[in-house]
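Each chain, letter by letter, is given below.
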Amino acid sequence: MATQPIDDRRAPRREEAGPGERTRPPLPLEFREMRLEDLPEVLDIERVSFPTPWSRQSFVNELTDNGYAHYVVALLDGRIVGYSGMWLILDEAHITNIAVHPELRGRGAGDLLLSEMERRARERGINRMTLEVRPSNTPARRLYKRHGFVERGIRKGYYADTQEDAIIMWKEDLGLGRA
Ligand SMILES: CC(C)(COP(=O)(O)OP(=O)(O)OC[C@H]1O[C@@H](n2cnc3c(N)ncnc32)[C@H](O)[C@@H]1OP(=O)(O)O)[C@@H](O)C(=O)NCCC(=O)NCCS
């Protein structure tokens, strides 16, 4: 694995955190927009996170050529530990990618990252968010469900690598106007 170890002593795994783990202090993540110079670290995570990782060129196209795209990195002590992207089209945000460093998973980083994407969508006047997920991806489905996403349909054979269908999920109310 190409990824570097993460110093995660402040972030107990959920099973170590015990009952009421939702009350543990959140990871002190910082967020900012993704830049081209982030791509080596982003690609290290991408390559260990997906059966068919995006190429460097795919990220470059998103960052430089796609006016709808908004990509964000999550930093812990200055190191990139996760990232997510979305397309902001009219009144919809479409999550294209989300991943957390394998050594930090299950400690709420994905939760914080998704909340940050929702906040950034709201900030741009968007109140609906959608994404696709593999039926076999239990951690991601749990994360989305906890965030209020509901399953709205299936795209047959969407994932060419495994011929898996995609579950289409929507969150219709990001809380625009209430926050
Ligand atoms: C999906 C992903 C971003 C979640 O990040 P994370 O930092 O682990 O997220 P959180 O810690 O906030 O929550 C993860 C949820 O998955 C659960 N989970 C973690 N590992 C799990 C496992 N092996 N099996 C089942 N559930 C698991 C956690 O318990 C939590 O659910 P809960 O809140 O209901 O208990 C991360 O797993 C990842 O990068 N996966 C690889 C890339 C990917 O699949 N992206 C999504 C594409 S749609």
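Structure first, text after, so check above.
Right, let's walk through the structure included here. (Residues numbered from 1 in each chain as written. Predicted model: local features only at pLDDT ≥ 70, side-chain atom pairs only at ≥ 80, totals over all residues.)

## Overview of the overall build of the protein chain
Along its length, the protein chain carries five helices and seven strands. Ordered by position from the N terminus, the helices and strands of the protein chain form the series α-β-α-α-β-β-β-α-β-α-β-β. Sorting the 179 residues of the protein chain into buried and exposed places 23% on the buried side. Across the protein chain, every contact between residues at least 6 apart in sequence was considered, and the portion connecting residues at least 24 apart equals 60%. (Helix = DSSP H or I, 4+ residues; strand = E, 2+ residues; numbered from the N terminus. Buried ≥ 20, exposed ≤ 12 C-beta atoms within 10 Å, placed from the backbone. Contact = placed C-beta atoms within 7 Å.)

## Regarding the site of the ligand
Taken together, the neighbourhood of the ligand is formed by 21 residues, with Arg105, Gly110, Asp111, Pro139 and Arg142 sitting nearest. Breaking the shell around the ligand down by element, the ones donating at least two residues are strand E4 (92-100), helix H4 (109-123) and helix H5 (138-146). Ranked by the residues each element gives to the shell around the ligand, the list is headed by H5, at six residues. When grouped by side-chain class, the residues that make up the shell around the ligand number nine nonpolar, six polar and six charged. (Near = placed C-beta within 6 Å. Nonpolar A, V, L, I, M, F, W, Y, C, P; charged D, E, K, R; others polar.)

## Here's the deal with the sheet that holds strand E5 (residues 128-133)
Hydrogen bonds along the backbone pair up the strands of a sheet, which may run parallel or antiparallel. Taken together, the seven strands give an open sheet; going across it, the order is E1-E2-E3-E4-E5-E7-E6, and neighbouring strands pair in mixed fashion. Taken across any chain shown, the strands that pair with only one partner, and hence form the sheet edges, are strand E1 (30-33) and strand E6 (150-159). Here the strands of the sheet are splayed against their neighbours by 25° on average, with no regard to which way each runs. (Pairing = 2+ DSSP bridges. Axes fitted to C-alpha atoms, helices over the stretch in contact; angles between N-to-C directions.)

## Observations regarding unusual backbone geometry
Positive phi, close to 50°, is recorded for Leu90, a residue that is not glycine. Its location among the elements puts Leu90 in the loop between strand E3 (79-89) and E4. By the C-beta count within 10 Å, which is 7 here, Leu90 ends up exposed. A positive phi angle, near 60°, is found at Gln163, a position not held by glycine. Among the structural elements, Gln163 can be located in the loop between E6 and strand E7 (164-171).

## Some words on the environment of Pro26
On the secondary structure map, Pro26 appears in the loop between helix H1 (14-17) and E1. With 86 residues separating them along the chain, Pro26 and Leu112 place their C-alpha atoms 8.2 Å apart. If we ignore the near neighbours within four places in the chain, the residues touching Pro26 are Gly108 and Leu112.

## Let's talk about the nonpolar core
Formed by 31 residues in total, the largest nonpolar core has its most connected members in Ala74, Tyr83, Ile95, Ala109 and Leu113. Of all the secondary structure elements, the ones that give two or more residues to this core are helix H2 (39-47), strand E2 (69-76), E3, E4, H4, E5 and E7. The contacts of Leu113, once residues within four sequence positions are left out, are Ala74, Gly82, Ser84, Ile98 and Val100. (Core = buried A, V, L, I, M, F, W, Y, C linked by C-beta atoms within 7 Å.)

## As for the pairing of E7
Of the pairings in the sheet, the one linking E5 to E7 comprises five bridges and is antiparallel in character. Counterpart to Met129 in the pairing with E7 is Lys171. The sheet contact formed by E6 and E7 spans six bridges and is antiparallel. Bridge pairing in E7 links Ile154 to Ile167. Counting the residues that bridge the hairpin from E6 to E7 gives four residues, and of these Gln163 lies at a positive phi of roughly 60°.

## Some words on the environment of Pro40
Here Pro40 lies in helix H2. On a C-alpha basis, the gap between Pro40 and Arg56 in space is 8.4 Å, while along the polypeptide they are 16 residues apart.

## Structural notes on the pairing of E3
In this sheet, E3 lies alongside E2 in antiparallel orientation, the contact comprising eight bridges. Bridged to His70 within E3 is Met86. Linking E2 to E3, which pair antiparallel, is a turn of two residues; within it Asp77 sits at a positive phi near 50°. In terms of strand pairing, E3 meets E4 through eight bridges, oriented antiparallel. Within E4, the residue paired with Gly82 across the bridge is Val100.

By themselves, these figures tell us nothing about what the structure is for.
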